[in-house]
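Each chain is listed here by its residues.
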Amino acid sequence: MQQNIVRTREVTKVYTMGKVKVEALRGVDLEIRAGEYISIMGPSGSGKTTLFNMVGGLDKPTTGKVYIEEVDVAQLDAYELAWLRCRKIGYIFQTFNIIPVMTALENVTLPMVFAGLTTDEARDKGVGLLKRVGLGDRFSHKPFELSGGQQQRVAIARAMANDPSLILADEPTGNLDIKTGTEIIELLKQLNKEKGVTIISATHDHKMLSASDRIVWIRDGKVDRIEERRDLKIEIGTIEGEA
Amino acid sequence: MSEPKARPRNAQARIGKQVMLPWSKATEIALKSIKVRFWRSMITMSSIVLAIAFLMSIWTSTAITAALDQGPQREIEAIRARLATVRDALKPGAPPSAKSQVEQQCAADLSAAQRRKETAIREKERALKDATSDEAKTLNKEVGDLRAALAPDKALELLRDYLSDLRKEVETVKGKLDPILLQERGAQGAEVGDAAAAKGKEAAPRTQPAAGGIGAFLGYMSPTDKWLAVLALLVCFVGIINAMFMTVQERFREIGTMKCLGALDSFIVKIFLIESAMLGFIGTLFGIVIGLVLSAVRQTLVYGWATLDYFPRGSLAVAAMMAALVGLVLSIVAAIFPAHKAARMEPVAAMRTEE
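What counts, and where the lines are drawn
- Residue numbers run consecutively from 1 along every chain, following the written order of its sequence.
- Chain A is the first chain written and ligand 1 is the first ligand written, with later ones labelled in order.
- This being a predicted model, a pLDDT of at least 70 is required before a residue's local features are given, and a value of 80 or more before pairs of side-chain atoms are given or counted; all residues contribute to the totals for chains, interfaces and linings.
- Placing C-beta atoms from the backbone, we regard two residues as in contact once those atoms come within 7 Å.
- Here a helix means four or more residues in a row that DSSP labels H or I, a strand means two or more in a row labelled E, and each is numbered from the N terminus.
- For this scheme, ten residues count as nonpolar: Ala, Val, Leu, Ile, Met, Phe, Trp, Tyr, Cys and Pro. Four count as charged, namely Asp, Glu, Lys and Arg, and the remainder, Gly too, count as polar.
- One bridge is not enough; two strands pair if DSSP finds at least two bridges between them.
- Axis definition: a line fitted to C-alpha atoms, over the contacting stretch in the case of helices. Angles run 0 to 180 degrees between N-to-C directions.
- Helix crossings fall into two classes, left-handed where the near helix is turned counterclockwise from the far one by less than a right angle and right-handed where it is turned clockwise.
- Core membership is restricted to buried Ala, Val, Leu, Ile, Met, Phe, Trp, Tyr and Cys residues, and these are joined into a nonpolar core through C-beta atoms within 7 Å.
- A residue is called partly exposed when the number of other C-beta atoms within 10 Å of its own lies between 12 and 20, exposed at 12 or fewer, and buried at 20 or more, with C-beta atoms placed from the backbone.

Enquirer: Just checking my understanding: could you explain the interface of chain A and chain B for this structure?
Expert: How large an interface is tends to be reported as the accessible area lost when its parts come together. If you look at the interface, chain A gives 33 residues, while chain B gives 30 residues. Taken together, the elements giving at least two residues each to the side of chain A that touches chain B come down to β5 (71-72), α2 (78-88) and α3 (104-115) of chain A. At eight residues, α2 of chain A tops the list of elements feeding residues into the side of chain A that touches chain B. Split into classes, the residues belonging to the side of chain A that touches chain B amount to 20 nonpolar, six polar and seven charged.

Below, the structure written as structure tokens:
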């Protein structure tokens, strides 16, 4: 029986905007096994992003519990959360979010510095990671010198910096063309297989479907259904289960 | 829930506490951020340069004015005091102890006077070689007089000559003082100056000078100057806060991302404080130099070369240090509020897209 890396129990999230209460999540139970590649899909406003933030340790539920590696996220203080984000979780964003004032290598080694690695260790590891994502000859480039796809690769290398158990990808292919997006998804799948790192992505991109082990469909703040990849019927032109 | 903070023991061992707070990394990022937004940073810095330059120029002006007020006067007083001591000792009814005391005190001056006469003798003897017969006669007489003056019982005579030298010095210093006094009288116009001049006294400074030399420049600041300086610093302060808030706003993605990478709030605060401190430090240095030079040049144009004779190095060093402190503190304190706003930003902010 595989360990659950993320587990939610009746998670709800209510946002109060002035006098209006918005129920973003209305009771979500989810179990994500270690080593899985899981996609959270759903239309805008469905609570997809909110759920994503919950399982990624970026937000705390109003009621209910979120467990990351069996640790209740709500009980952690700021230092522990920072440690979690540094060592256990890697983040990939739609807008790449590479720090513009630093080179690719410096970006990748920044989380290593936070984790306490020496400059030499960090450098070696960083170069290795950049090579793995296919940017071995570009580590001294600044972000503005890199294409979108290359920046996302740097982001992936950075997310892997401290050998996390979990990678959270928020619309990783959102700002990429079809070809580049496919390459990125391929890279993520490879890393998932090679290192056994769990990948949770929130996405609209249907290219992600074939790479995912499971797909969680969110609708109106609740889990609509969870599909295994083998159950998906992918037809040319349309994809089953689209909201 | 009986123990809200309880956690299964095996899980507790798995979560550590983030403690890496690398100052070097924060400094590196701060430096790079300045470089990347170079011209904007320069504009922010210019407000510090101007405010500190203004402050420093006021302090320099007042320091130089104070030095010109007090310097020559003190010199004259010191010379007069020595004159008085010696004169009293030379009076007919003076006790012998006073004379010997003066002789002791003036031993150095005496030997200086002696040396001067000996040098004069040597020069004249040298001149004798090339002299014509008439010149030789005059020179020989002079040498004779000098030799006589050097005789042991003529020690006090030597001293009298020395006193006349001192009196000449007083005249020279007074000569330097006159243009300064003239300026001050002109500057004050219909104010106190005329009344004092009418009484035949030296013109009084605009405000009462503080006792003691080094801090005098502070006491010399008029209320208007004080108000203007405070105002300049306040405007600069507000400008820095404003600029920093804008920067924080712009860099929401960077900040959110760093928090996702494990940066603590204090790390974010450090980045912004260091950035502001760097700009503040360099801006302050420029401001001090500019303010000092501008003011010194102006004072020299107004009061003449005497300004450089009485240049108040000590006061200005103190003023420069105080200005540096003011500038540094100002830039750091101004950055505190924006830096904390940055630190409180949620990591989720990194994911915001403008839709």
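That shown, we press on.
Enquirer: Would you mind showing me how to read the sheet that holds strand β1 (residues 4-17) of chain A here?
Expert: Within a sheet, adjacent strands bond to each other through the backbone by hydrogen bonds, running parallel or antiparallel. Residues and elements named next belong to chain A. The sheet built from four strands is open, its strands ordered β2-β1-β4-β5 with antiparallel pairing. Edge positions in the open sheet fall to β2 (20-33) and β5, since each of these has one partner strand only. Sheet analysis places strand β4 (residues 63-68) next to β5, joined by two bridges and oriented antiparallel. Residue pairing in the sheet places tyrosine 67 in a bridge with aspartate 72 of β5.

Enquirer: Teacher, can you tell me more about the sheet that holds strand β10 (residues 222-228) of chain A here?
Expert: Residue and element names in this part refer to chain A. Taken in spatial order, the six strands make up an open sheet running β6-β7-β8-β3-β9-β10, and their pairing is mixed. Looking at strand neighbours, the two that pair on one side only are β6 (89-92) and β10, the edges of this open sheet. With strand direction ignored, the average angle separating the axes of adjacent strands in the sheet is 20°. As paired elements, strand β7 (residues 166-170) and strand β8 (residues 198-202) share five bridges and run parallel to each other. Bridge assignment links leucine 168 to a residue of β8, and that residue is isoleucine 200.

Enquirer: Explain the packing of helix α10 (residues 223-250) of chain B against helix α14 (residues 313-343) of chain B here, please?
Expert: Between two packed helices, what matters for the description is the angle formed by their axes and the separation of those axes. All names here are of chain B. Interaxial distance between α10 and α14 falls to 9 Å at its minimum, and their mutual angle equals 35°. Note on packing geometry: the crossing formed by α10 with α14 is right-handed. Between α10, through Leu233, Cys236, Phe237, Ile240, Ile241, Met244, Phe245 and Val248, and α14, the contact on the second element is made entirely by Val326, Leu330, Ser331, Ala334, Ala335, Phe337, Pro338, Lys341 and Ala342. Here the contact of α10 with α14 is composed, by residue class, of 15 nonpolar, one polar and one charged.

Enquirer: Got a minute to help me understand the nonpolar core in this structure?
Expert: Looking at soluble globular proteins, one finds that nonpolar side chains tend to be buried together. Residues Ile92, Leu130 and Leu168 of chain A together with Ile52, Met56, Ile268 and Phe272 of chain B are the most contacted members of the largest nonpolar core, which totals 130 residues. Considering each element in turn, this core owes the most residues, 16 residues, to helix α3 (residues 38-90) of chain B. With near-sequence residues (within four places) excluded, leucine 168 of chain A lies in contact with Phe52, Gly56, Ile89, Tyr91, Ile92 and Ile200 of chain A.

Enquirer: Before we go on, may I ask you to explain unusual backbone geometry in this structure?
Expert: Glycine aside, residues mostly have negative phi, and peptide bonds are mostly found in the trans state. At glutamate 70 of chain A, a position not held by glycine, the phi torsion is positive, near 65°. Mapped onto the fold, glutamate 70 of chain A is located in the loop between β4 and β5.

Enquirer: Teacher, can you tell me more about α3 of chain A here?
Expert: Because the α-helix completes a turn every 3.6 residues, residues three or four places apart line up on one side. Across the twelve residues of α3 of chain A, twelve count as buried, placing the element largely inside the fold. Listed as buried for α3 of chain A are Ala104, Leu105, Glu106, Asn107, Val108, Thr109, Leu110, Pro111, Met112, Val113, Phe114 and Ala115 of chain A. Those residues of α3 of chain A that are buried lie in contact with α2, α4 (119-132) and α5 (148-159) of chain A together with α2 (23-36) of chain B. Within two residues after α3 of chain A, glycine 116 of chain A carries a phi angle of roughly 95°, on the positive side.

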